[in-house]
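# Summary of structural features
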Amino acid sequence: MKILNIGRESANEPEPVANEAICAIDVGTTKIVALIAEVDDNDDLRVIGAGRMPAQGLRRGVVVNTKEATAAIGQAVEQAVQSAGQPMRPLLLGISGSHINAMSSKGAVAVGRNGRNITTEDTQRALEQAKSVALPHNREIIHAVPRSYTIDDQKGIQDPVGMFGYRLEVDASIITGASSAVANLVHCVHDNGLEIEDLVLEPLASGLAVLNDDERRLGVALVDVGGGTSDLAIYLENAPWHTVIIDVGGDHFTRDVAMGLRMPYPKAEALIKQFGSALPGHVPADAEVRSGAFGEEGQQVVSRRVLAEILNARAQDVLDLILREVKRSGYDGLLPAGIVLTGGVAQLSGFAEMSRDQLQWPVRVGRPKGVASSVIDLSSPEYATAVGLLLWGKRHEVEPVISPEPLPGVFDRIIKWLRNFVPQ
Ligand SMILES: Nc1ncnc2c1ncn2[C@@H]1O[C@H](COP(=O)(O)OP(=O)(O)OP(=O)(O)O)[C@@H](O)[C@H]1O
Ligand SMILES: [Mg+2]
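In this text the structure is predicted, and so the values were computed from the model without any measurement.

A few words now on the overall build of the protein. Secondary structure assignment for the protein yields 11 helices and 21 strands. Counting across all 424 residues of the protein, residues that qualify as buried make up 57%. Put simply, of all contacts in the protein between residues at least 6 apart along the chain, 70% involve residues at least 24 apart. As displayed, the protein has an accessible area near 18,200 Å², and 48% of this comes from carbon and sulfur atoms.

In structure tokens form, the structure reads like this:
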């Protein structure tokens, strides 16, 4: 099945028309966000319409009830359309879930007998080649993300357009998803009469919104810990080299607290947000708080230290899973910028600090930037994906290509040197 124009694979498509609205929907496990933005005369993005609804019919990033999910998407879109005073245009749609896989692939094309300037079309042809991998009938390609190019024998080129050569090879990351999961999500959007311009892997969108250029260039792990999943994207040399969706998120924290302290789920979530900490040692042993409970009383006194112990255990679990995936990727010695945590759970008090202490890596909380808004406060890490989708739409590319030079030898040496300081 061909589902619309899935995945804008090349970094080199035409610029969008100025002042045209860019629309995005982040269908998260806990909330659905719809945004309508304008590109102003200074080429800056400004949100003019926003809608946010609690998610329904989703579990761990995938649709499990199309009727509920469709209705929730429709309500978020309606809010956005009303506040913007204009309809949604074809939109950028985030996709996640543990059905997503990434694999490496290479594609090579002849550029010309006499050696000529490489064009955007050549890079697209090379990417098309990289996409010709054998896939089971129940999987589809969502993105082909170029990591680096080789021209003849010259490796590590980030932007080959305009350079000379005979043979162009791309090293790409091919991101695939289960066709059924992709189709279910797409249908929920289509059933609201909306058109999809592009499907975008959520951690790639989040990375655009929260990472800075140095982090992306030197090496960083972006981790978006949402309600249902923890999405990992490893960036090196300005490109996402590796992505993994881990099936654990904030819902697990909430469930642990609800079970451990015997209270209804919404009370547990509210308690975590207001009084939660991942560092029990920082909470006074006698600190207590009144909270909801099951049973006739409906109230109980909770030790904040005990709450922090429950959250610490789950945070530890998430951290172990992240570390395992980073090590499995083979890039663990190549991330001098450490980890940037984003998504709702990044706001858990002490989570970043605990991660920093444990890994001895730099760890910071990533808040979305690059989009202005007077209709909704987008500064929370929860909005990383939604903001990133707008930026994706504006750039019409996978990654900004900053340095057109081939990787200089000195950069390799710095990376090797830095490796000595990063725990293996
Ligand atoms: N201050 C906070 N402390 C701890 N957890 C928080 C805090 N604020 C939000 N959360 C948790 O963050 C999660 C929601 O994060 P987010 O909005 O990024 O998820 P989502 O995008 O809906 O889900 P996903 O990306 O996994 O599909 C919820 O589990 C919520 O309980
Ligand atoms: Mg999310």
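Once you've had a look at it, read on.
For the rest of this paragraph, the subject is the sheet that holds strand β14 (residues 220-225). Working definition: the strands of a sheet are paired by backbone hydrogen bonds and lie parallel or antiparallel to each other. Reading across the sheet, the 5 strands line up as β16-β15-β14-β19-β20 and stay open at both edges, with mixed pairing between neighbours. With partners counted over all chains shown, the strands left at the sheet margins are β16 (239-246) and β20 (363-365), one partner each. Strand-to-strand twist of the sheet, defined as the mean angle between neighbouring strand axes without regard to direction, takes the value 20°. Alignment of β14 against strand β15 (residues 230-236), held across 6 bridges, turns out to be antiparallel. Residue pairing across strands places V220 opposite Y235, the latter belonging to β15.

Quick look at the sheet that holds strand β9 (residues 139-151) now. Taking strand neighbours across the sheet as the criterion, the 4 strands line up as β7-β12-β9-β10 in an open arrangement whose pairing is antiparallel. The open sheet has two edge strands with one neighbour each: β7 (101-110) and β10 (154-157). Each strand of the sheet is rotated relative to its neighbour by a mean of 35°, with strand direction disregarded. Where β7 lies against strand β12 (residues 167-178), 10 bridges are found, and the strand directions are antiparallel. Of the residues in β12, the one forming a bridge with A110 is R167. Relative to β7, helix α2 (residues 120-130) is tilted by about 130°, and along the sheet it contacts β7, β9 and β12. Of the strands in this sheet, β9 and β12 are in contact with helix α3 (residues 179-190), which crosses β12 at around 75°.

Below, the discussion takes up the confidence of the model for the protein. As a note on interpretation, predicted positions should not be read in detail where pLDDT is low. On average, residues of the protein carry a pLDDT of 88, and 88% of them reach 70 or more. Taken as a whole, residues 1-18 scores under 50 in pLDDT and shows 49 contacts with residues more than four places along the chain or in a different chain. Every residue in residues 397-424 scores below 50 in pLDDT, and together they form 55 contacts with partners more than four places removed in sequence or on other chains.

This part is about the side chain of T254. Of note, T254 is situated in helix α6 (residues 250-260). T254 has contacts with Y265, A268, E269 and I272, leaving out every residue within four places of it along the chain.

Looking now at the packing of aromatic side chains. Here a ring pair, both rings aromatic, is described through the centre-centre distance and the interplanar angle of the planes. Summed over the entire model, instances satisfying the criterion amount to 2 aromatic pairs. Centre to centre, the rings of W241 and Y331 are 6.0 Å apart; their planes meet at 80°, and the pair counts as edge-to-face. With a gap of 90 residues between them, W241 in strand β16 and Y331 in the loop between α8 (304-329) and β19 (339-342) connect regions that are remote in the sequence. Considered together, W241 and Y331 belong to a single accessibility category, that of buried residues. Ring geometry for F253 and F351: centres 6.4 Å apart, planes at 65°, overall edge-to-face. Separated by 98 residues along the polypeptide, F253 in helix α6 and F351 in helix α9 (residues 351-359) bring together distant segments of the chain. For F253, a relative accessible area of 3% gives the class buried.

Attention now moves to the site of ligand 1. Near ligand 1 there are 20 residues, and of these T29, T30, K31, G228 and E269 occur at the shortest range. In the model, an oxygen atom of ligand 1 is placed 3.0 Å from a nitrogen or oxygen of the T229 main chain. Look at ligand 1: alone it shows 660 Å² of surface, and the protein chains cover 94% of it. Those elements giving two or more residues to the shell around ligand 1 turn out to be α6 and α7 (265-275).

This next bit is on the environment of A372. Take A372: it is sitting in strand β21 (residues 371-373). Sequence spacing of A372 and R46 is 326 residues, and the spatial spacing of their C-alpha atoms is 4.6 Å. Dropping the residues within four chain positions of it, A372 is found in contact with L45, R46 and V47.

Take K394: it is sitting in helix α10 (residues 384-395). Spatially, the C-alpha atoms of K394 and C23 are 9.9 Å apart, while their sequence positions differ by 371 residues.

Applying the stated criterion across every chain, the model contains 16 salt bridges. The salt bridge partner of K106 is E169, with a shortest N-O separation of 4.0 Å. In this pair, K106 sits in strand β7 while E169 sits in strand β12, placing the two residues 63 residues apart along the sequence. Between R167 and E169 there is a salt bridge, and its shortest N-O distance comes to 3.2 Å. According to the relative accessible area criterion, R167 is partly exposed, its value standing at 39%. Here the salt bridges do not stand alone but share partners, grouping K106, R167 and E169 into one network.

Right, let's talk about the side chain of R147 for a bit. In this fold, R147 is placed in strand β9. For R147, the side chain forms a polar contact with the side chain of S104, separated by 2.9 Å. Not counting residues within four places of it along the chain, the set of residues in contact with R147 comprises S104, D171, A172, S173, A239, P240, W241 and Y331.

Quick notes on the rules
Residues numbered from 1 in each chain as written. Chains lettered and ligands numbered in written order. Predicted model: local features only at pLDDT ≥ 70, side-chain atom pairs only at ≥ 80, totals over all residues. Heavy atoms only, no water. Helix = DSSP H or I, 4+ residues; strand = E, 2+ residues; numbered from the N terminus. Buried < 20%, exposed > 50% of the residue type's maximum accessible area, 1.4 Å probe, protein only. Contact = heavy atoms within 4.5 Å. Areas by Shrake-Rupley, 256 points an atom, 1.4 Å probe, with all protein chains shown as cover. Pairing = 2+ DSSP bridges. Axes fitted to C-alpha atoms, helices over the stretch in contact; angles between N-to-C directions. pLDDT = per-residue confidence, 0-100. Phe/Tyr/Trp six-rings, centres within 6.5 Å; stacked < 30°, edge-to-face > 60°. Near = heavy atom within 4 Å. Polar contact = N/O pair within 3.5 Å; in protein donor to acceptor, adjacent residues only side chain to side chain. Salt bridge = Lys/Arg side-chain N within 4 Å of Asp/Glu carboxyl O.

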